[in-house]
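Results of the structural survey
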Amino acid sequence: MARKIFLSILGTGYYETTRYYFDDDKTNYQTRFVQEATIKHFCSDWSEKDKIVIFLTKQARQINWENPAQQSHKFKKTYEGLSSILSFPQLVVKDIPDGNSDKEIWEVFKIIFDELNEGDEVYFDITHAFRFLPMLLMVLINYAKLLKNISVKSITYGNYEARKIHQDGQEYSPVMKITPLSELQDWTIATLMFKETGQTKFLNNLLPDNQENAITNFTNEISEVRSLNIIKGANAIKAMEIIDKTLIDNPIFKNLKKDLNTELSNYKTDEVKNAFHAVDFCIKHNLTQQGLTILQESIITYILKEIGESDFINEQKRNAVSGALSIKRKESFKVQKKDKLNEEEIKNLKLIAEKVFDLPYKKPLSDVYKRLSQGARNDINHAGYRKSPKKVGYFKARLVKYYNKTMKILNQQI
């Protein structure tokens, strides 16, 4: 199991006694120090391998850690310091500088970061993280998520200012859970990665168990050029449903959900046009080779559908459409002789070719189809092993150009 670690920074203020409570006031702890309350709440059953770290500036050590505490000219009162209150075997104290310069700020960052191990489950208390420290901690959290694969279990803030007198006559102060701020950062990064690169790893980490396959399968269908799956649309639709259900309870996530669904909302069940949406996805996410292949093959599939053919995987029929698109005159069409076909099959293939020639957009679509083969797809699929290979950047530009032309040609139908 992952190690649990609690991190908190002790301040230099004079702290009054209150009852810090979690969720409801039935779970509360009477103390001057929010650290005592949060450690008792989260860490009471931790094992020896887990760790509690209190970070102290020199002044915080003198004023609030040592016993007696508050030996400062700023305060006339003294009380028991936190060092004599906390008695957990996992407790470690670390000195940090005040952070009065850029150098000291980065030193604070390094000291805290170095306490984290790979895969730690982290509990942050930021109650006394004054001045720049809250921002530093939020940046550090994201940094550690990336480099040490930590998971943030809790971020808390003891809101003494929000204290109220309870019916028992004592003051109660809420411990606010601000963990959703970290979750929002996670979703923001995951959404950015998905929108910019099509990468689903970060999204998968945020979804409930066993719910990630639809999103991963959706992107894999495109990256691995599985057009029949793309046309079915099942994974794209399911992925959108999962995102909706996962983000439904938090209105803050509304805009992120909208951005995620923009990539998915065009997909319908059993629609050939899904394949063209996939080409658009390839363009956005720099999947150029996949885009060129899907675009050319989808032109064939679209035409088969338009002329009343539903068998999209029949090689002879696809060859017939491809052959018709590759020639200018109907009379020049010939059935390939590599397959043994009877007269009826040959007749049907010729009929398919004739239907292709009867399409009103056959001529401009033929030009796109041929240029895809000759100018781009063959070269990129052969990894540039040609006498005059195209330069880097050529293929992405051609994909965009031919996709836009195809959409313009088929606009009335799509």
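Residues numbered from 1 in each chain as written. Predicted model: local features only at pLDDT ≥ 70, side-chain atom pairs only at ≥ 80, totals over all residues. Heavy atoms only, no water.

Bringing the pattern of salt bridges into the picture now. Inspection of the entire model under this criterion finds 15 salt bridges. Here Arg 61 and Asp 95 are joined by a salt bridge, their closest N and O atoms 2.9 Å apart. Highlighted residues: Arg 61 in helix 2 (residues 58–65) and Asp 95 in strand 5 (residues 91–95), separated in sequence by 34 residues. For the salt bridge of Glu 171 with Arg 163, the shortest nitrogen-to-oxygen distance reads 3.6 Å. Its relative accessible area of 28% is what places Glu 171 among the partly exposed residues. Connected via shared salt-bridge partners are Lys 51, Lys 94 and Glu 115. (Salt bridge = Lys/Arg side-chain N within 4 Å of Asp/Glu carboxyl O. Helix = DSSP H or I, 4+ residues; strand = E, 2+ residues; numbered from the N terminus. Buried < 20%, exposed > 50% of the residue type's maximum accessible area, 1.4 Å probe, protein only.)

Once that is clear, we can look at unusual backbone geometry. In this model, Asn 67 is joined to Pro 68 through a cis peptide bond whose omega is 0 degrees. By the element assignment, Pro 68 lies in the loop between helix 2 and strand 5. Of note, the phi angle at Asp 270 is positive, near 50 degrees, even though the residue is not glycine. Following the sequence through the fold, Asp 270 ends up in the loop between helix 10 (254–262) and helix 11 (273–284). Asp 270 gets classed as exposed once you look at its relative accessible area, which sits at 55%.

In this section: the packing of aromatic side chains. Tallied over the entire structure, the rule returns 17 aromatic pairs. Each ring, one from Phe 218 and one from Tyr 267, has its centre 5.3 Å from the other, and the planes form 85 degrees; the classification is edge-to-face. In this pair, Phe 218 is assigned in helix 7 (residues 213–223) and Tyr 267 in the loop between helix 10 and helix 11, connecting sequence segments 49 residues apart. Residue classification places Tyr 267 among the buried residues on the basis of a relative accessible area of 4%. (Phe/Tyr/Trp six-rings, centres within 6.5 Å; stacked < 30°, edge-to-face > 60°.)

The interhelical angle for the contact between helix 12 (residues 288–306) and helix 13 (residues 315–325), taken along N-to-C directions, is 105 degrees, at an axis separation of 10 Å. In terms of axis orientation, helix 12 runs roughly perpendicular to helix 13. Every residue of helix 13 that contacts helix 12 at Glu 297, Ile 299, Ile 300, Thr 301, Ile 303 and Leu 304 is listed here: Lys 317, Arg 318, Val 321, Ser 322 and Leu 325. A per-class count over the contact of helix 12 with helix 13 returns six nonpolar, two polar and three charged. (Axes fitted to C-alpha atoms, helices over the stretch in contact; angles between N-to-C directions. Parallel < 35°, antiparallel > 145°, perpendicular 65-115°, else oblique. Contact = heavy atoms within 4.5 Å. Nonpolar A, V, L, I, M, F, W, Y, C, P; charged D, E, K, R; others polar.)

To continue, consider the nonpolar core. With 68 residues, the main nonpolar core has Ile 222 and Ile 303 as its most contacted residues. Broken down by element, the residue count for this core peaks at eight residues, all from helix 12. Here Ile 222 is in contact with Ile 230, Tyr 267, Ala 278, Phe 281, Cys 282, Leu 287, Gln 290 and Ile 294, once residues within four sequence places are set aside. By size, the runner-up hydrophobic cluster in this structure holds 27 residues, among which are Phe 55, Val 108, Ile 112 and Leu 133. (Core = buried A, V, L, I, M, F, W, Y, C linked by side-chain atoms within 4.5 Å.)

Moving on, we get to the side chain of His 285. Within the element layout of this structure, His 285 appears in the loop between helix 11 and helix 12. Accessibility expressed as a relative area gives 5% for His 285, which makes it buried. Engagement of the side chain of His 285 in a polar contact is seen with the backbone oxygen of Lys 195, the distance being 2.7 Å. (Polar contact = N/O pair within 3.5 Å; in protein donor to acceptor, adjacent residues only side chain to side chain.)

Time to look at the packing of helix 9 (residues 234–247) against helix 10. Contact pair helix 9 / helix 10: the axes reach a minimum separation of 10 Å and the direction vectors enclose 175 degrees. Here helix 10 runs roughly antiparallel to helix 9, going by the angle between their axes. Here Met 240, Ile 243, Asp 244 and Leu 247 of helix 9 lie close against helix 10, whose contacting residues are Lys 257, Leu 260 and Asn 261. When its residues are assigned to classes, the contact of helix 9 with helix 10 shows four nonpolar, one polar and two charged.

Let us now look at the confidence of the model for the protein. When pLDDT is low, close inspection of the predicted coordinates is not appropriate. Overall, the predicted model of the protein reaches an average pLDDT of 88, with 94% of residues at or above 70. Looking at the elements of the protein, mean pLDDT is at its lowest for helix 10, recorded as 78, and at its highest for helix 8 (residues 227–232), recorded as 96. (pLDDT = per-residue confidence, 0-100.)

Along the chain, the position of Asp 50 falls in the loop between helix 1 (34–43) and strand 4 (51–56). We note that Asp 50 is buried and unpaired, the nearest opposite charge coming from Lys 4 at a distance of 4.8 Å. A polar atom in the side chain of Asp 50 sits 2.9 Å from the backbone nitrogen of Lys 4. Excluding its chain neighbours within four sequence positions, the residues that come into contact with Asp 50 are Ala 2, Arg 3, Lys 4 and Gln 90. (Lys, Arg positive; Asp, Glu negative; His and termini not counted.)

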